[in-house]
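The chain contents come next:
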Amino acid sequence: MKKTVVFLFSFVLTISLAAQTYIYQSQFGTMGSGNGQFSYPYAVNIDGSGNIYVVDQYNNRVEKFSSAGTYLAQWGTGGSANGEFANPNGIAVSGGNIYVVDEGNRRIQKFNSSGTYIRKWGTSGNGNGQFNDPFSVAVDASGNVYVADGGMNMRIQKFDSTGTYITQWGSKGSGNGQFMQFGGIAVDALGNVYVVDPSASNSRIQKFSSSGTYITQWGSKGSGNGQFSDPQGIAVDNALGNIYVVDNGNSRIQEFSSTGTYITQWGTNGSGNGELSFPSGISFDASGNAYITDSGNNRVEVFTSKSQTGVENLNNSVKAIVYPNPTSGNSTLQISSPENTNAVLGIYDFLGQNVLNENVKLMTGQNQILLSANSLSNGTYLVKINSNSLQGSTLLMIQK
């Protein structure tokens, strides 16, 4: 009689998980105003096809490149008409649309992937939907647009994809949920919002829910691990859930877990390959390559990931079992959740490398998720469930 083996964990477990470190791969761009040249490239973002969009700040334009860094197109010039810019800053890409922060004109402009103007919203002021000093922008999986509105306003404003005002949060200060200055803004797969405050008094990252509820923060002024000097851009690696911060003044990129635990860093000051001078923006493509706007050197540098093993403590507050286990085909992951929540399901191999990642919705009580072994080789895998408030893991054995 064949025996079904079930692994059940409901205790604190120390496991090896994959972190990422990055090595220099390539670069593109030189100083100038010609096609493919830059005058202080500030922000970067990448669409689902791997096309790269760079905010060329002092040239008041957006330039588009292929995934190999080949120049494709550009749009924008100095001015206040539709499609013109005055000191553009942030950029976000979602659903084939490009959102650009037009700081000097106190507005957000929306374009298609070819640079055709679609719409705009925002005027100068402190009312709902108005801006004093818009600085950065991010879009969540539902198409909602988050804008860091600095100057006298010091708040995050949330809009739908057409620019309709939804809500806001924040004020000036150093308390939880307050800001003194803005750098980048990013949204993870769970809808959490990460905001950079580069001011000397704060020098921190704050994490909020999608409705603006304060969750946590990390960082202080300095050059040590987890400290910052004028942090700017921020990006999320949704495969691992890790957060990457452009530490401008220290000429480096720092990597953290989603709760702010320091993992690793790379970069040093200079103009050589892999070196950085006043870096500002960061974005990732579907393969996990990192693109950095190296503003002081008027170029974009590309770094490729190199897996390394890190150690993470998981407090398994949800029970997770897999059956049948071992398996040669499909298995069922059963999760007992005490609440309704959005979570990320990840599967990691023996070396701690992430081999599968997807978003799931857990309901109060028993949840069953089908796991397929079709793409997995023989061996032992860690199955991890993670949300803002819940964590759980179990082992999966593949025997084909």
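Every chain's residues receive numbers from 1 upward, in the order its sequence appears when written. Confidence filtering applies because this is a predicted model: local features only for residues at pLDDT of at least 70, side-chain atom pairs given and counted only at 80 or more, and all residues used for totals across whole chains, interfaces and linings. Water and hydrogen atoms were dropped before computing side-chain values, which therefore reflect all heavy atoms in the structure.

Asks: How should I be thinking about the overall build of the protein chain in this particular structure?
Replies: A helix here means a DSSP run of H or I that spans at least four residues, while a strand means a run of E at least two residues long, and both kinds are numbered starting from the N terminus. Looking only at helices and strands, the protein chain has zero helices and 31 strands in total. Its C-alpha atoms give the protein chain a radius of gyration of 22 Å, within 12% of the compact-globule value 21 Å for 400 residues. Projected onto its principal axes, the C-alpha positions of the protein chain cover 75 × 45 × 40 Å. Contact criterion: two residues are considered in contact whenever any of their non-hydrogen atoms come within 4.5 Å of each other. In the protein chain, once contacts between residues fewer than 6 apart in sequence are set aside, the share between residues at least 24 apart is 50%. Only the protein chains shown count as cover for residues, and the accessible areas themselves come from Shrake-Rupley with a 1.4 Å probe. Carbon and sulfur atoms make up 46% of the accessible area of the protein chain, which amounts to about 15900 Å² in all. Two residue types count as positive, namely Lys and Arg, and two as negative, namely Asp and Glu; His and chain ends fall outside the count. Taken as the charge location is NZ of Lys, CZ of Arg, CG of Asp or CD of Glu. The positive charge centre, built from 22 side chains, and the negative charge centre, built from 24, are 7 Å apart in the protein chain. It is over C-alpha atoms that the radius of gyration is taken, and the globule rule equals 2.2 Å times the number of residues to the power 0.38.

Asks: What exactly am I supposed to notice about the sheet that holds strand β31 (residues 391-398) here?
Replies: Two pairing modes exist for strands in a sheet, parallel and antiparallel, and in both the strands are linked by backbone hydrogen bonds. Spatially, β28-β27-β30-β31 is the arrangement adopted by the four strands of the open sheet, whose pairing is antiparallel. Across the chains shown, the open sheet's two edge strands, defined by having one partner strand only, are β28 (354-362) and β31. In this sheet, adjacent strand axes meet at a mean angle of 20 degrees when their direction is disregarded. Note on pairing: DSSP must find at least two bridges between two strands before they are called paired. Of the strand pairs in this sheet, strand β27 (residues 341-348) and β28 are connected by eight bridges, and their pairing is antiparallel. Of the residues in β28, the one forming a bridge with Ala-343 is Val-360. Every angle, taken between N-to-C directions, lies between 0 and 180 degrees, and every axis is a line fitted to C-alpha atoms, over only the stretch in contact when it is a helix.

Asks: Is there a simple way to think about the pattern of salt bridges in this case?
Replies: Close approach of charged atoms allows side chains with opposite charge to pair. When a carboxyl oxygen of Asp or Glu lies within 4 Å of a side-chain nitrogen of Lys or Arg, that pair is called a salt bridge. Following the criterion strictly, the structure yields seven salt bridges and no others. Across the salt bridge formed by Arg-107 and Asp-102, the nearest N and O atoms sit 2.7 Å from each other. Judged on exposure class, the residue Arg-107 and its partner Asp-102 are both buried. Put simply, Arg-252 and Asp-247 hold a salt bridge, and the shortest N to O gap is 2.7 Å. Exposure classes here rest on a 1.4 Å probe applied to the protein chains alone. A residue is buried below 20% of its type maximum, exposed above 50%, and partly exposed in between.

Asks: Mind showing me how you'd approach the sheet that holds strand β13 (residues 165-169) here?
Replies: Across the sheet, four strands lie side by side as β10-β11-β12-β13; this open sheet has antiparallel pairing. Single-partner strands in this sheet number two, and they are β10 (133-139) and β13. Sheet twist, expressed as the average angle between the axes of neighbouring strands with direction ignored, equals 25 degrees. In the sheet, strand β12 (residues 155-159) pairs with β13 via four bridges, with the strands oriented antiparallel. Its bridge partner being in β13, Ile-156 is matched across the sheet by Trp-169.

Asks: Whenever I open this one, the side chain of Asn-192 confuses me. Can you help?
Replies: Relative to the helices and strands, Asn-192 resides in the loop between β14 (185-187) and β15 (193-197). Dropping the residues within four chain positions of it, Asn-192 is found in contact with Ala-186, Val-187, Lys-207, Phe-208, Ser-209, Ile-215 and Asn-388.

Asks: Would you explain unusual backbone geometry in this entry?
Replies: With an omega dihedral of -10 degrees, the bond running from Tyr-323 to Pro-324 counts as a cis peptide bond. By secondary structure assignment, the location of Pro-324 is in the loop between β25 (319-323) and β26 (330-337). Between Asn-325 and the following residue, Pro-326, the backbone shows a cis peptide bond with an omega angle of 10 degrees. In this fold, Pro-326 is placed in the loop between β25 and β26.

Asks: What am I meant to see in the nonpolar core here?
Replies: Grouped together as the largest cluster of nonpolar side chains are 26 residues, with contacts concentrated most on Ile-91, Ile-98, Ile-156, Phe-179, Phe-182, Val-193 and Val-195. Looking at this core, the elements that each hand over two or more residues are β2 (41-46), β3 (52-56), β6 (88-94), β7 (97-102), β10, β11 (145-150), β14 and β15. Filtering out sequence-adjacent residues up to four positions away, Ile-91 remains in contact with Ala-43, Val-44, Asn-45, Tyr-53, Val-55, Val-62, Ile-98, Tyr-99, Val-100 and Val-137. By size, the runner-up hydrophobic cluster in this structure holds 20 residues, among which are Val-322, Ile-335, Ile-347 and Leu-390. Put simply, buried Ala, Val, Leu, Ile, Met, Phe, Trp, Tyr and Cys residues joined by side-chain atoms within 4.5 Å make one nonpolar core.

Asks: What is the right way to look at the environment of Val-383 in this model?
Replies: You can see Val-383 is positioned in strand β30 (residues 379-386). For Val-383, a relative accessible area of 1% translates into the label buried. Along the primary structure Val-383 and Val-137 are separated by 246 residues, whereas in three dimensions their C-alpha atoms are 33 Å apart. With sequence-adjacent residues up to four places away left out, Val-383 is seen in contact with Leu-333, Leu-345, Gly-346, Ile-347, Leu-371, Gly-392, Ser-393, Thr-394 and Leu-396.

Asks: Any chance you could explain the environment of Thr-213 here in plain terms?
Replies: Structurally, the position occupied by Thr-213 is in the loop between β16 (204-208) and β17 (214-218). A relative accessible area of 48% means that Thr-213 is categorised as partly exposed. When the C-alpha positions of Thr-213 and Gly-296 are compared, they lie 36 Å apart, and in sequence the two are 83 residues distant. Once you skip the residues sitting within four places of it in the chain, Thr-213 turns out to touch Lys-207 and Phe-208.

Asks: Would you take a moment to explain the confidence of the model for the protein chain for this structure?
Replies: As a note on interpretation, predicted positions should not be read in detail where pLDDT is low. Within a predicted model, pLDDT stands for the predictor's per-residue confidence, ranging from 0 to 100. In this model, the protein chain carries an average pLDDT of 89, and 90% of its residues clear a pLDDT of 70 or more. Here residues 1-18 is a poorly scored stretch, pLDDT under 50, and it has 62 contacts once near neighbours within four places are set aside; other chains count. A low-confidence stretch, residues 308-316 stays under pLDDT 50, and its non-local contacts, those more than four residues away or across chains, total 39 contacts.

Asks: So what exactly am I meant to see when it comes to the packing of aromatic side chains here?
Replies: For any pair of aromatic rings, the description consists of the separation of the ring centres together with the inter-plane angle of the planes. Pairing of aromatic side chains requires ring centres within 6.5 Å, counting the rings of Phe and Tyr and the six-membered ring of Trp. Pairs whose planes differ by under 30 degrees are stacked, by over 60 edge-to-face, and all others tilted. Enumeration over the complete set of coordinates arrives at 30 aromatic pairs. An angle of 85 degrees between the planes, with centres 6.3 Å apart, marks the rings of Tyr-24 and Phe-303 as edge-to-face. Taken together, the residues Tyr-24 in strand β1 (residues 12-28) and Phe-303 in strand β24 (residues 299-315) connect sequence positions 279 residues apart. Looking at Tyr-24, the relative accessible area reads 28%, which means it is partly exposed. Summarising the aromatic geometry, the rings of Phe-159 and Tyr-165 are spaced 6.2 Å apart at their centres and angled 75 degrees between planes, so their arrangement reads as edge-to-face. Judged by its relative accessible area of 26%, Tyr-165 falls in the partly exposed class.

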